[in-house]
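# Chains, contacts and geometry: an overview
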Protein chains: 2
Amino acid sequence: MDKFKQFIKNIVPISDKEFFDSLAYFREIHLQKGEYFVHQDKVCKQIAFIAHGTLRSFYLNHKGEETTSCFCSERNFSTSFRSFILQQVSDISIQAIEDTTLFVIDYDSLQKLYATSPTWQNIGRKVAEKEYIVMEKYASVLNNETAKEKYMRLINEQPSVIHKATVEDIASYLGVTRRTLSRIRQEISK
Amino acid sequence: MDKFKQFIKNIVPISDKEFFDSLAYFREIHLQKGEYFVHQDKVCKQIAFIAHGTLRSFYLNHKGEETTSCFCSERNFSTSFRSFILQQVSDISIQAIEDTTLFVIDYDSLQKLYATSPTWQNIGRKVAEKEYIVMEKYASVLNNETAKEKYMRLINEQPSVIHKATVEDIASYLGVTRRTLSRIRQEISK
DNA sequence: ACGAGTAAAGGACATTTGTCCTTATCTGAT
DNA sequence: ATCAGATAAGGACAAATGTCCTTTACTCGT
């Protein structure tokens, strides 16, 4: 909970009182490894702050293979943003790849916060802007870097994911097959 | 200007009076084919609504080649979002690929609008959310579709770009070389 | 402790894409 | 109308990646 407060305070100035009042709209939930936070083809009604643990976002591509789009670690918001914002069915699933603690808020509650609190309207915009920047960076990496460079980046930026996720998931995250990831690892180990 | 008003009204309810008052913060500018709206390595101080024309966003990758990240047509906002939001130097350039008309607002003016107008705070959040969704879709396409599928998508979603942009730009947008785009076009023409 | 089921590594060949070219076509200034 | 420079198409070979497979290493329940 302190992590959450600190995270919000880093975005906007907010008094302890206002923060704790807002906290009534959130609730803490725990996911075990393998449990789902969001299901593909259902409307995602919640957004979560990750206090502890790691989530994996993925979808089934047209060949029916799981494609990992994101590994999301603590001190980040996670949701199926498109589904949550538009309140349409989600094209992704989100699953815990280790035991995870979240603070979640419902769509309706968040709209109430937006309507009554300029502070939360401001937080909402800044979180959307930040998520945009993260996604833009991701797209630029996808477009520009080889699978090997992407793998090195993952090692640097999210080293714990290398051990928490399966080879299959990491390969799909990098946009290559397991075979190619195997070759990359072979090269690096030299 | 009517296009701009209509676009804003589709985002939030706003009175004609409030819209025209806000319009004082914007100014209309015209770019000729080839002119730049944003320069790489400079701080981007403006965001633009495209009333007419097409912009191309691109950056130099580590090999010094131009990589097109986006073709942006009328009825959209365009800026180097990361640079604009963070007021840091831009990693992209934005150039008109045909004669183009923009409504632009400075960073400082927009912050004033945010500070004084809940309506604009709301517009800002919703535009950021929308841009996020566009970027997420782009990333999912990059990760999932072959160059041929991406080319077919471009033909469907932005047909005019096929004729306005060069083969070089389209190839870098698809993440392949000119040679591969040439092969794709050959296949399609059968 | 053991075996069945699961996950990772890597061999062999096919396919795709890139690199480096040459040839053909378009465009704009004189 | 003509020519120079720019732009696009496509041939030939090299390099990278995918597909399919076998072998090896883990992991969990009994």
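Keep in mind the model is a prediction, meaning the values are calculated, not measured.

## Digging into the protein's contact with DNA strand C
Within the structure, DNA strand C sits among T166, V167, E168, R179, S182, R185 and Q186 of chain A together with V176, T177, R179, T180 and R183 of chain B. In DNA strand C, atoms within 4 Å of the protein come from the sugar-phosphate backbone in 50% of cases. At 3.0 Å, a side-chain N or O of T177 of chain B approaches a phosphate oxygen of DNA strand C. When residues of the surface near DNA strand C are traced back to their parent elements, those giving at least two are α8 (167–174) and α9 (178–188) of chain A together with α9 (178–188) of chain B. Sort the elements by how many residues they give to the surface near DNA strand C and α9 of chain A lands first, with four residues. Residue composition of the surface near DNA strand C, by class: two nonpolar, five polar and five charged.

## Here's the deal with the relation of the copies chain B and chain A
Superposing chain B onto chain A requires a rotation of 180° together with a translation of 0.0 Å along the rotation axis, leaving an RMSD of 0.0 Å. The transformation just described matches what one would write down for a two-fold rotation axis. Of all interface residues in chain B, 100% are interface residues in chain A too; the two copies therefore contact each other through one and the same surface.

## Examining helix α1 (residues 2–11) of chain A
Residues and elements named next belong to chain A. All of the buried residues in α1 are F4, K5, F7 and I8. Around the axis of α1, the buried residues are gathered within 160° of arc, so they sit on the same side. Structural note: α1 exposes D2 and N10 on the side pointing more than 90 degrees away from its buried face. Its buried side turned inward, α1 meets α2 (16–23), β1 (26–31), β3 (46–52), β6 (77–78), β8 (100–106) and α5 (118–144).

## Thoughts on the environment of L142 of chain A
Following the sequence through the fold, L142 of chain A ends up in helix α5. Take L142 of chain A: its relative accessible area is 13%, and that puts it in the buried class. The spatial distance from the C-alpha of L142 of chain A to the C-alpha of G175 of chain A is 8.2 Å, given a sequence separation of 33 residues. Excluding anything up to four places from it in sequence, L142 of chain A contacts K150 of chain A together with A139, L142 and N143 of chain B.

## Observations regarding the packing of aromatic side chains
Each aromatic ring pair is described using two quantities: the centre-to-centre distance and the angle formed by the ring planes. Taken as a whole and judged by the stated rule, the model has 30 aromatic pairs over all chains. Their ring planes at 75° and their centres at 5.1 Å tell us that F4 of chain A and F26 of chain A sit as a pair that is edge-to-face. Pair noted here: F4 of chain A is in helix α1 and F26 of chain A is in strand β1, with a separation of 22 residues, a long-range link. Summarising the burial analysis for this pair, F4 of chain A and F26 of chain A share the class buried. Between F4 of chain B and F19 of chain B the ring centres are 5.6 Å apart and the planes differ by 75°, which places this aromatic pair in the edge-to-face class. In this pair, F4 of chain B is assigned in helix α1 (residues 2–11) and F19 of chain B in helix α2 (residues 16–23), connecting sequence segments 15 residues apart. F19 of chain B shares its class with F4 of chain B; the two are buried. When the ring centre of Y114 of chain B is taken as origin, the NZ or CZ atom of R125 of chain A, which lies over that ring, is 3.9 Å away.

## A word on the pattern of salt bridges
Tallying each qualifying case throughout the model produces 27 salt bridges over all chains. D16 of chain B is paired through a salt bridge with K5 of chain B; the nearest N and O atoms lie 3.6 Å apart. Placement of D16 of chain B in helix α2 and of K5 of chain B in helix α1 is noted, with a sequence separation of eleven residues between them. Residues E145 of chain B and R153 of chain B are paired through a salt bridge, measuring 2.5 Å at the closest nitrogen-oxygen approach. Relative accessible area serves as the criterion here: at 18%, E145 of chain B is assigned to the buried category. Using a relative accessible area of 22% as the deciding quantity, one classes R153 of chain B as partly exposed. Through salt bridges with shared partners, a single ionic network connects K5, K9 and D16 of chain A.

## So, the domain arrangement of chain A
All names here are of chain A. Examined at the domain level, chain A breaks down into domain 1 (2–135) and domain 2 (145–190). Once you take the C-alpha centre of each, domain 1 and domain 2 turn out to be 26 Å apart. The interface is formed by eleven residues belonging to domain 1 together with nine residues belonging to domain 2. Buried area between domain 1 and domain 2, both sides added, is near 820 Å², and the carbon and sulfur share of it is 54%. Looking at the side of domain 1 facing domain 2, the largest losses of area belong to T68, F71 and I97, adding up to 58% of the total buried there. At the surface where domain 1 touches domain 2, the tally comes to two salt bridges. Counting every contact that joins domain 1 to domain 2 gives six residue pairs in polar contact (both at pLDDT 80 or more). The dominant element in the side of domain 1 that touches domain 2, judged by the number of residues it contributes, is strand β5 (residues 66–73), at seven residues.

Analysis parameters
- Residues numbered from 1 in each chain as written.
- Chains lettered and ligands numbered in written order.
- Predicted model: local features only at pLDDT ≥ 70, side-chain atom pairs only at ≥ 80, totals over all residues.
- Heavy atoms only, no water.
- Near = heavy atom within 4 Å.
- Polar contact = N/O pair within 3.5 Å; in protein donor to acceptor, adjacent residues only side chain to side chain.
- Helix = DSSP H or I, 4+ residues; strand = E, 2+ residues; numbered from the N terminus.
- Nonpolar A, V, L, I, M, F, W, Y, C, P; charged D, E, K, R; others polar.
- Least-squares fit on C-alpha atoms with pLDDT ≥ 70 in both.
- Contact = heavy atoms within 4.5 Å.
- Buried < 20%, exposed > 50% of the residue type's maximum accessible area, 1.4 Å probe, protein only.
- Arc of directions from axis to C-beta.
- Phe/Tyr/Trp six-rings, centres within 6.5 Å; stacked < 30°, edge-to-face > 60°.
- Lys NZ or Arg CZ within 6 Å of the ring centre and 35° of its normal.
- Salt bridge = Lys/Arg side-chain N within 4 Å of Asp/Glu carboxyl O.
- Domains from an automatic or database assignment.
- Buried area = accessible area lost by both parts, 1.4 Å probe.

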